[in-house]
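Observations on the three-dimensional arrangement
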Amino acid sequence: ASIVFMNVFWTSGTLMLVLFCYFIIPVLGWRYLVFISTIPISFLAFYYWAVPTSPRFLMFKGETEEAKKVLQLGAKLNCRKYPEGELVERIEDVVQTLNVNEQNNSIQPSPQQIDKKRGLLDAFGKKYLLTTIFLSIIWFTSAFLYYGVILITSDIFTYDHHCGSNSTNNASVTPIVNKFCNPLTSGDYLEYIITSSAEIPGILITVVVVEIIGRKLTFAIQFMSGALFFLLYLCTSFDHILKTGILFTVRACLAGAFVVSFLYTCEVYPTHIRASILSILSIFARISTILASFTAQVLLRSYFMVAICIFGAMGIFTAIISLLLPYETKG
């Protein structure tokens, strides 16, 4: 639920930014837009004191009393009574500490002692290696397609590509090269709002579907759908209404794929490496964002078909990878 809540706020911020663009750029220019858009970030400074530390992390660090305080605060905020007794690890872990090694009659190390020997390398061990590799590809492609479709939207609205056109290569390149600095019209901003709002139903539908058909199949359907709608631009001539409809569908699919990426990653990895592996996978997503900028803003204007085919091929390839994930975390 928290992941869905977070992504809905992400989409709300996107819609707000489009409105800022509509009202600020024509009057004050893009520099004021950047300045005003960064103001909300200043509020994050107060999060250091407002957001509690994970109790599980505190227990892992041996700070039992601090973990107890966080749980007591959570119980108070939720109008619940804090359970009596001592705060310990899972009951399975407590039992494990009492197991006796039959060969040398010595007590086995406690889970805390075992955990301290573990680390990020567990994500690249035999159990999780294939999962880590496949998730790196999935996160890479999720960001690549998501930011790619956002960046090419303005070019698509100002440039009509017709499959099978008789125009020469230079003629097909010129419209994008000459138009990319033109200001968007009020109609273009409206279409931006429509396509961006697609993320909300995409996220809500994903929440329902992922519990019915599972994480892996949901991944595959979303990446394949996004890829096919990308490739549809190569084989169809259409007006603005169909353009907007296709972009709406692509945004919905890719927003849902991002949600499942977070969900699956949090479910498949144990607590002691979960935060670290999320950071590493986010690095792959940031790298792909840089490449998406080049593909959508540079390559697209010179080689339209090549750029769209790259987006489509990445989606199809990742859909296949999703089905090969070693674990299904549904339920």
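I will try to describe carefully the structure that is included in this document. This is a predicted model, so every value here is computed, not measured. (Residues numbered from 1 in each chain as written. Predicted model: local features only at pLDDT ≥ 70, side-chain atom pairs only at ≥ 80, totals over all residues. Heavy atoms only, no water.)

1. Considering helix α14 (residues 271–302)
Put simply, the rule reads: What counts as a helix is a DSSP run of H or I of at least four residues, what counts as a strand is a run of E of at least two, and both are numbered from the N terminus. For a helix, the expected span equals 1.5 Å multiplied by the number of residues minus one. In this analysis the local bend is the angle between axes fitted, respectively, to the seven residues ending at and the seven residues starting at the residue.
The end-to-end C-alpha separation of α14 is 46 Å, in line with the 46 Å expected for 32 residues at 1.5 Å each. Maximal helix bending in α14 amounts to about 30°, located at Thr-295.

2. Overview of the pattern of salt bridges
Our working definition: Take a side-chain nitrogen of Lys or Arg and a carboxyl oxygen of Asp or Glu: if they are within 4 Å of each other, that pair is a salt bridge. Here the term buried applies to any residue with accessible area under 20% of the maximum for its type, exposed to any over 50%, and partly exposed to those in between, with areas from a 1.4 Å probe on protein chains only.
Applying the stated criterion to the full structure yields four salt bridges. Glu-66 is paired through a salt bridge with Lys-69; the nearest N and O atoms lie 3.8 Å apart. Separated by three residues within a single helix, Glu-66 and Lys-69 lie in helix α5 (residues 64–77), roughly one turn from each other. With relative accessibility at 38%, the residue Glu-66 sits in the partly exposed group. Beyond isolated ion pairs, a larger network of salt bridges with shared partners links Glu-211, Arg-215 and Glu-267.

3. Observations concerning the nonpolar core
To keep things clear, this is the line we draw: Joining through side-chain atoms within 4.5 Å is the link that ties buried Ala, Val, Leu, Ile, Met, Phe, Trp, Tyr and Cys residues into a set, and such a set is a nonpolar core.
One finds Leu-135, Phe-230 and Tyr-269 to be the most contacted residues of the largest nonpolar core, which totals 45 residues. Broken down by secondary-structure element, the contributors of at least two residues to this core are α8 (129–158), α12 (215–231), α13 (240–268), α14 and α15 (304–323). A per-element tally of this core places α8 first, with 11 residues. Counting six residues, the second largest nonpolar core, distinct from the first, contains Val-18, Ile-24, Tyr-189 and Tyr-192.

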